[in-house]
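A look at the structure
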Amino acid sequence: MEATMDMAMQLSRTAKGQDEIFNHGHTLRPKQRQIMFAIGNGISLGELRSKLPSCVELETMVNDLLQSGFIETLHNPAAAQAAAAPSLPTVPEVAAHAAAAPPQPADRLEAGRSYVLEFMATLVGTKSPADRQMSEVKDLASFNTVLPMCRRVIAAVASPHQAAEMEAGAAKRMTA
């Protein structure tokens, strides 16, 4: 093992890591789960260090997570972004349908709503009031009312960056 790890190294959760977080696995210690949440869909080791400045064993724990297959390294930031998208549990049927025919407004709303629900389920589970309210959304006005609450929940539990990513992903699906 190297004495110090490269702070520019890009980290991303693997399918095993997503499963640990998404299905509420309990094989990791709380500090390791915190690191997994902080890694989210991709982050450099330097950014992770900034997010968790009091974690003195960060490099050791990152190495353990790498060795056990919960996270992986990506060699360039563009690859990190490209690899992060498929690791999120998206709704492939919605994407396939959107590519096959021009989406109608109701399809766009459902695509945005489904994306937000899946994104939230991955990071915070399905028991939050924001998740329940987003599940009940039937129109654009209620979607626009509930989305900021979902953003606040993601920002509090994961990171403001992931909250912005969720909001941007929803907007992209709503306008596609």
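Predicted model, so just to flag it, every value in this text is computed and none were measured. (Residues numbered from 1 in each chain as written. Predicted model: local features only at pLDDT ≥ 70, side-chain atom pairs only at ≥ 80, totals over all residues. Heavy atoms only, no water.)

1. Here's the deal with helix α1 (residues 15–22)
By the burial criterion, the buried members of α1 are Gly17, Gln18, Glu20 and Ile21. One face of α1 carries all of its buried residues, which in axial projection span an arc of 160°. (Buried < 20%, exposed > 50% of the residue type's maximum accessible area, 1.4 Å probe, protein only. Helix = DSSP H or I, 4+ residues; strand = E, 2+ residues; numbered from the N terminus. Arc of directions from axis to C-beta.)

2. Regarding the sheet that holds strand β2 (residues 43–44)
Within a beta sheet, neighbouring strands are joined by backbone hydrogen bonds and run either parallel or antiparallel to one another. Spatially, β2-β1-β3 is the arrangement adopted by the 3 strands of the open sheet, whose pairing is antiparallel. Looking at strand neighbours, the two that pair on one side only are β2 and β3 (71–74), the edges of this open sheet. By the bridge criterion, 2 bridges tie strand β1 (residues 10–13) to β2 in an arrangement that is antiparallel. Paired with Gln10 across the bridge in β2 is Ser44. Relative to β1, helix α2 (residues 30–39) is tilted by about 105°, and along the sheet it contacts β1, β2 and β3. Of the strands in this sheet, β1 and β3 are in contact with helix α4 (residues 58–67), which crosses β3 at around 100°. (Pairing = 2+ DSSP bridges. Contact = heavy atoms within 4.5 Å. Axes fitted to C-alpha atoms, helices over the stretch in contact; angles between N-to-C directions.)

3. As for the pattern of salt bridges
In this structure the tally under the stated criterion is 3 salt bridges. Two residues, Glu110 and Arg113, come together in a salt bridge whose shortest N-O distance is 3.0 Å. Here the residue Glu110 and the residue Arg113 both occupy positions in helix α7 (residues 105–124), the gap between them amounting to 3 residues, near one helical turn. On the basis of relative accessible area, Arg113 is assigned to the buried category, the value being 14%. (Salt bridge = Lys/Arg side-chain N within 4 Å of Asp/Glu carboxyl O.)

4. Section: the nonpolar core
Ranked by internal contacts, the top residues of the largest apolar core, which has 21 residues, are Leu11, Ile35, Leu45, Leu48, Leu58 and Val62. Among the elements of the structure, α2, α3 (45–51) and α4 are those that each provide at least two residues to this core. Apart from the residues lying within four places of it in its own chain, the contact partners of Leu58 are Ile35, Leu45, Leu48, Arg49 and Leu52. Grouped together as the second largest cluster of nonpolar side chains are 20 residues, Leu109, Val137, Met166 and Met174 included. (Core = buried A, V, L, I, M, F, W, Y, C linked by side-chain atoms within 4.5 Å.)

5. Focus: the packing of aromatic side chains
A complete count under the given rule lists 1 aromatic pair for this structure. Measuring from ring centre to ring centre gives 5.7 Å for Tyr115 and Phe119, while their planes differ by 50°; the resulting arrangement is tilted. Note that Tyr115 and Phe119 are positioned in helix α7 at a spacing of 4 residues, about one turn of the helix. For the pair formed by Tyr115 and Phe119, the shared burial category is buried. Lying across the ring of Phe70, Lys16 places its NZ or CZ 4.6 Å from the centre. (Phe/Tyr/Trp six-rings, centres within 6.5 Å; stacked < 30°, edge-to-face > 60°. Lys NZ or Arg CZ within 6 Å of the ring centre and 35° of its normal.)

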